[in-house]
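Overview (structure and organization)
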Amino acid sequence: MSTLSLFPTLIYNAPLKKTGWRTLNAKLLRESLQLREDDGAGRHWSKQNYPGGYTSYNSVSRMHEVSPTFAMLARELDRHVRKFANALELDTQSRPLTITDCWVNIMPHQVVHGLHLHPLSTISGTYYVQTPKGSSGIKFEDPRLDRMMAAPPRRSDARPKHRPWYIVQAEAGTVVLFESWLRHEVAPNPVKSERISISFNYSWF
Ligand SMILES: [Fe+2]
């Protein structure tokens, strides 16, 4: 063995649970659409910051505290976050990771979610409620990209771990987790139906 592989970037992707997720998603869908109707401040904010789409990120960002359905989702997510923290070998003995934010994102046709990271949190993720066939996945960027000033491009057949970016397909009923500093984006929704997801942050402090 002459080459070490160090400092990995882990991304977690798993079904929320084996059974019952469709029933949960039907409730989450109904409440998400209702929230968009009720949340005038969120619609106003989205108009400026999420053109064509709706997010409760800046208005109702603690859905797990106001809706029993979202609280149920958060209880399921806790389990996945614990598994991911174990995979990352994080020492959370003295202070557990706790959900701090949980918000709704609705992306109609052509709406884009620009490149961003999640400040003030440790582990972030998304749960997919409605993903019409052909809708965009979540695209992660190599966190070292801004240091590669003189690096040749990667070969077109490079393995995923050596590529500068990677897309995880969005699939209803599944959860994606990543460390909050990892930049990601969602390309414009190419299909007519709305892509609906719930994003969240877990914090250590
Ligand atoms: Fe995000």
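The present account deals with the structure reproduced in this document. Since this is a predicted model, take the numbers as computed values, not measurements.

The rules behind the values
Residues numbered from 1 in each chain as written. Predicted model: local features only at pLDDT ≥ 70, side-chain atom pairs only at ≥ 80, totals over all residues. Heavy atoms only, no water. Donors = N, O, S within 2.8 Å, 3.2 Å for Na, K, Ca; no water. Helix = DSSP H or I, 4+ residues; strand = E, 2+ residues; numbered from the N terminus. Buried < 20%, exposed > 50% of the residue type's maximum accessible area, 1.4 Å probe, protein only. Patch = residues over 30% accessible without salt bridge, like charges linked within 9 Å, V, L, I, M, F, W, Y side chains within 5 Å. Areas by Shrake-Rupley, 256 points an atom, 1.4 Å probe, with all protein chains shown as cover. Salt bridge = Lys/Arg side-chain N within 4 Å of Asp/Glu carboxyl O. Pairing = 2+ DSSP bridges. Axes fitted to C-alpha atoms, helices over the stretch in contact; angles between N-to-C directions.

On to the coordination of the iron ion, then. Donor atoms from the polypeptide that bind the iron ion are His116 (NE2), His118 (NE2) and His184 (NE2), placed at 2.1 Å. Sequence spacing of the donor residues for the iron ion, all on one chain, is H-x1-H-x65-H. One end of the pair, His118, is in the loop between β4 (113-116) and β5 (123-130); the other, His184, is in strand β9 (residues 184-186), and 66 residues separate them in sequence. A relative accessible area of 7% means that His118 is categorised as buried. For His184, a relative accessible area of 3% puts it in the buried group.

A cluster of nonpolar side chains, contributed by Met1, Leu4, Leu6 and Phe7, occupies part of the molecular surface with about 620 Å² of accessible area. Residue classification places Leu6 among the exposed positions, given a relative accessible area of 53%.

Let's shift gears to the sheet that holds strand β6 (residues 138-141). Ordered by their spatial adjacency, four strands build an open sheet running β4-β9-β6-β7, and the pairing between neighbours is antiparallel. Where the open sheet ends on each side, the last strands, each with one partner, are β4 and β7 (165-168). Strand-to-strand twist across the sheet, computed as the mean angle between neighbouring axes with direction ignored, equals 20 degrees. Here two bridges tie β4 to β9, and the two strands are oriented antiparallel to one another. For His116, the partnering residue across the bridge sits in β9 and is His184.

What follows covers the pattern of salt bridges. Inspection of every chain in the model, using the stated rule, returns eight salt bridges. Note that Arg62 and Glu65 form a salt bridge whose closest N and O atoms lie 2.9 Å from each other. In this structure Arg62 comes out as partly exposed when scored by relative accessible area, which is 38%. In this structure, the salt-bridge partner of Arg155 is Asp157, at a minimum N-O distance of 3.0 Å. With relative accessibility at 65%, the residue Arg155 sits in the exposed group. Members of the salt-bridge network, linked through shared partners, are Lys17, Glu76 and Arg79.

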